[in-house]
Amino acid sequence: MASRRVSSRDHDVTEDDGTPHIANNRRPTLWRNWIAFFLLGTINNMSYVIINSSAKTLADSFHKSDDVSLIPWANVAFGFGAKCLNAFVLVPLNVPYGIRMFVNGVLMLAGLIGIAFAPSFPVAIVAVVVSGSTAGFGENVILGYLRFYNPDLITAWSSGTGMAGVLGAALYIGLSCAVDAPPGVSRTETLKHMNHNVFLFATPIVVVYWVAYFFILKKPTDMPVGSASQESGKYRASETTGLIQESASVSQCSGESKWGRLGRCLRSSLWLSFNLGAVYFTEYVARSCSAKSMAKGDPIYTPTCPEFYAAIQLCYQAGVLVSRSSLGLVKIRRVGILSILQTINMVVWIFVAWKHILPVYILPAYMIYVGLLGGASYVNVFNLLREDENIPDKDRELCINMAGLTISLGIFGGTGFNTLLFHLPGFE
C-alpha cells in the first residue's frame, strides 16, 4: 500500500505513488479556497459573457446585423486551440500555473480594451477572439489544477461560472443603461459609444482575477512527485510532468503506447463528451436565434438601453447559475436526456426566429429553461468524469480535458451553423 506524506502546515495529504489526495482540507482553508475558485470561475467567464450579451449591439454598431452570430463564434474561435495549447504544450513544458494565469489575465485585458477601441468590425472580431480564448484556456487550467484540491471545490468553480453569466449580463445591461450618449448623434454612434464605455468599465475584473489566484487561493504545500516543484523553500505551482509525459511513463509500465492511451481515454469519455458538446451546440443555436426572435415592428428597448437580446441572455444565464449550483441537491446520471431536450429546444428556437411562432412575453421564461438544461449538463458531465470508477486516477485529468475540448467544438459548430442559417431567406 502506498504511503502518504502529510504537510505540517495544512495537513495536506498526497500519495507517494503520485496520485493526488485531497489537499487543504481544513475548514477555514476549505472556505478560503471555495471563495477563490468561485471568484476564478466568475471572472474567468465574465468577459466572455459580456461579449455574448453585447453581440447584437456590437454587430449593429458596425452595420453587420446579419453577422451577429459571428461574435459568439469568434468568442470561441481559438478556445479549442487554447485548450490544446495548455494540455499538450504548456503542461509538458512545465510552465507554472502562476505564469499561465497571469498571461491569461493580460490577454483578457487586451481583448476588452481592443473591443472598446475597435475602429471596424474585423478589428472587433480579432479582439473578441483574443478575449474569448482566455475563457477556454483558463477553464482547462483551473479544471486541471482542481485535482489537487477537495473534490467539493468543483462546485465552487461551476457555481462561479454560472454567476459569471448573471453578473456579466447584468453588468452589460446596467452599464449600458447608465452611459449617456453625446447629444445629436446617430443610433450607430450611440451604440459605439455605449460599447466603448461598457468594455472599458469592465477591465478592472482582471485585477480581481489575479487577486483570487495569487492572494486568496491557498496553494497546496505538498504536491505529488512529478506534479510540482519547490524553489527556495516556497511552493511553485507547476507541473513537471504533463499529460503527454505522463502517458509515456504509464506506457512504459503497461506496454501501452502513448497514442494507445489517448485512444483509450477518448473511448472512456466519449459518451459524456459527446453529450456535453451536443448540448453546447444546440443551446448556442437557440441563443443566437433569440437575436431574430422579435418580428419587425415589435416594441424594443431604446437605443441607449440594451435591447431584447441582452435581456434574454440574462435569463439564460440565470438558468445556468441555478443548475450549475445544484449538484449538492440533484445529480443526473442520464445526461443523454438533457441532450435530447436541448435538441428539441433548438428546433423550437429556429422556428421562433423564422416564423415568430411564440409570443415575446414567453421567450424569457423559455430561455431560462434552455439555461437550466445547459448548466445541468455541464456540472453533471464533469462530476461523472470525476466519479467514474472505470477511469483510472492517472487518466482522469486527460479525460476531463478531452471533455472540455468538446465544449469549444459544440459552440464553434453552433455559431457557425447560425451564421449560415441567418443568411437564408426568411431570417433577415
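For every chain, the first residue of the written sequence is number 1, and numbering continues from 1 onward in sequence order. A pLDDT threshold of at least 70 governs which residues receive local features in this predicted model, and a stricter bar of 80 or more applies before side-chain atom pairs are shown or counted, although totals over entire chains, interfaces and linings include all residues. Side-chain calculation: all heavy atoms of the structure are included, whereas hydrogens and water are not.

> Any chance you could explain the overall build of the chain here in plain terms?
Secondary structure elements are taken from DSSP: a helix is a run of H or I of four residues or more, a strand is a run of E of two residues or more, and numbering for both begins at the N terminus. Helices and strands together make up the secondary structure of the chain, namely 15 helices and 4 strands. Each residue is assigned to one of three classes by its accessible area relative to the maximum for its type, calculated with a 1.4 Å probe on protein chains only: buried under 20%, partly exposed between the two thresholds, exposed over 50%. Going through the 428 residues of the chain one by one, you find that 57% of them count as buried. In this description, contact between two residues means that some pair of their heavy atoms is separated by no more than 4.5 Å. Across the chain, contacts joining residues at least 24 apart in sequence account for 79% of those joining residues at least 6 apart. Summed over its atoms, the accessible surface of the chain is roughly 17500 Å², and 68% of this surface lies on carbon and sulfur atoms. The method behind every accessible area is Shrake-Rupley, applied with a 1.4 Å probe, and residues are considered shielded solely by the protein chains displayed.

> Help me understand the packing of helix α12 (residues 308-324) against helix α14 (residues 363-387), please; the structure alone is not making it clear to me.
Two packed helices can be described by the angle between their axes and the distance between those axes. Packing of α12 against α14 leaves a shortest axis separation of 6 Å and a crossing angle of 40 degrees. Looking at the two axes, α12 sits oblique to α14. Between α12 and α14 lies a crossing whose hand is right-handed. In this structure, α12 contributes F308, I312, C315, Y316, G319, V320, V322, S323 and R324 to the contact, and α14 contributes L363, P364, M367, I368, V370, G371, L372, G375, A376, Y378 and V379. A per-class count over the contact of α12 with α14 returns 15 nonpolar, 4 polar and 1 charged. All axes are obtained by fitting lines to C-alpha atoms, using only the stretch in contact for helices, and the reported angles, taken between N-to-C directions, cover 0 to 180 degrees. Note on angle classes: values under 35 degrees are labelled roughly parallel, values over 145 roughly antiparallel, values of 65 to 115 roughly perpendicular, and the remainder oblique. Whether a crossing is left-handed or right-handed is set by the direction in which the near helix is turned from the far one by less than a right angle, anticlockwise for left-handed and clockwise for right-handed. Charged residues are taken to be Asp, Glu, Lys and Arg, nonpolar residues to be Ala, Val, Leu, Ile, Met, Phe, Trp, Tyr, Cys and Pro, and polar residues to be all remaining types, Gly included.

> Can you walk me through unusual backbone geometry in this structure?
Residues other than glycine predominantly adopt negative phi, and peptide bonds predominantly adopt the trans conformation. At H63, a position not held by glycine, the phi torsion is positive, near 60 degrees. Of note, H63 is situated in the loop between α2 (55-61) and α3 (70-77). Given a relative accessible area of 62%, H63 falls into the exposed group. Within the chain, H356 stands out as a residue other than glycine whose phi angle is a positive 55 degrees.

> What is the right way to read the side chain of N383 from this model?
Here N383 shows up in helix α14. Here a polar contact means two N or O atoms within 3.5 Å. Within protein one must be a hydrogen donor candidate and the other an acceptor candidate, and residues neighboring in sequence count only if both atoms are side-chain atoms. Within the structure, the side chain of N383 is placed 2.7 Å from the side chain of R386, a separation counted as a polar contact. Contacts of N383, omitting those with residues within four sequence positions, involve L327 and K331.

> Help me out: how do you make sense of the pattern of salt bridges in this one?
When the charged atoms of two side chains lie near each other, side chains of opposite charge can form a pair. Put simply, a salt bridge is a Lys or Arg side-chain nitrogen that is within 4 Å of an Asp or Glu carboxyl oxygen. Per the stated rule, a full pass over the model turns up 4 salt bridges. Here E387 makes a salt bridge to K331, at a shortest N to O gap of 3.5 Å. On the criterion of sequence distance, the pair formed by E387 in helix α14 and K331 in the loop between α12 and α13 (335-355) is long-range, its members being 56 residues apart. A relative accessible area of 51% places K331 in the exposed class. Across the pair E387 and R386 runs a salt bridge whose closest N-O atoms are separated by 3.6 Å.

> Is there a simple way to explain the packing of helix α1 (residues 27-53) against helix α9 (residues 205-216) in this structure?
Between α1 and α9, the shortest axis-to-axis distance is 9 Å and the interhelical angle comes to 150 degrees. By the angle between their directions, the pair α1 and α9 is classed as roughly antiparallel. Between α1 and α9 lies a crossing of left-handed hand. Residues R32, N33, A36, L39, L40, I43, N44, M46 and S47 of α1 lie in contact with α9, whose contacting residues are I205, V208, Y209, A212, Y213, F215 and I216. Grouping the constituent residues of the contact of α1 with α9 by class yields 12 nonpolar, 3 polar and 1 charged.

> Explanation requested: helix α5 (residues 97-116) in the structure shown.
For α5, which comprises 20 residues, the first-to-last C-alpha distance of 29 Å matches the rise-based estimate of 28 Å (1.5 Å per residue) to within 8%. Along α5, the residues classified as buried are Y97, G98, R100, M101, N104, G105, M108, G111, L112, I115 and A116. Seen along its axis, α5 keeps its buried residues to an arc of 165 degrees; they face one direction. A helix is expected to reach a length of 1.5 Å times the quantity of its residues less one. The directions from the helix axis to the C-beta atoms form the arc being described.

> Help me understand the packing of aromatic side chains, please; the structure alone is not making it clear to me.
The description of an aromatic ring pair uses the distance of the two centres, along with the angle that the planes make with each other. Two aromatic rings, drawn from Phe, Tyr or Trp (for Trp, its six-membered ring), form a pair once their centres lie within 6.5 Å of each other, and the interplanar angle then sorts them: stacked below 30 degrees, edge-to-face above 60, tilted otherwise. Scanning the model with the defined rule gives 17 aromatic pairs in all. Ring centres 5.4 Å apart and planes at 10 degrees place the aromatic pair W34 and F38 in the stacked group. Note that W34 and F38 are positioned in helix α1 at a spacing of 4 residues, about one turn of the helix. On the basis of an interplanar angle of 80 degrees and a centroid distance of 5.1 Å, the ring pair of F37 and Y149 is categorised as edge-to-face.

> What am I meant to see in the confidence of the model for the chain here?
Caution is warranted with low-pLDDT regions, since their predicted coordinates should not be read in detail. Known as pLDDT, the predictor's confidence for each residue is given on a scale from 0 to 100. On average, residues of the chain carry a pLDDT of 79, and 80% of them reach 70 or more. Segment residues 225-253 is flagged for pLDDT under 50; beyond a separation of four residues in sequence, or across chains, it makes 70 contacts in the model. A low-confidence stretch, residues 300-305 stays under pLDDT 50, and its non-local contacts, those more than four residues away or across chains, total 15 contacts.

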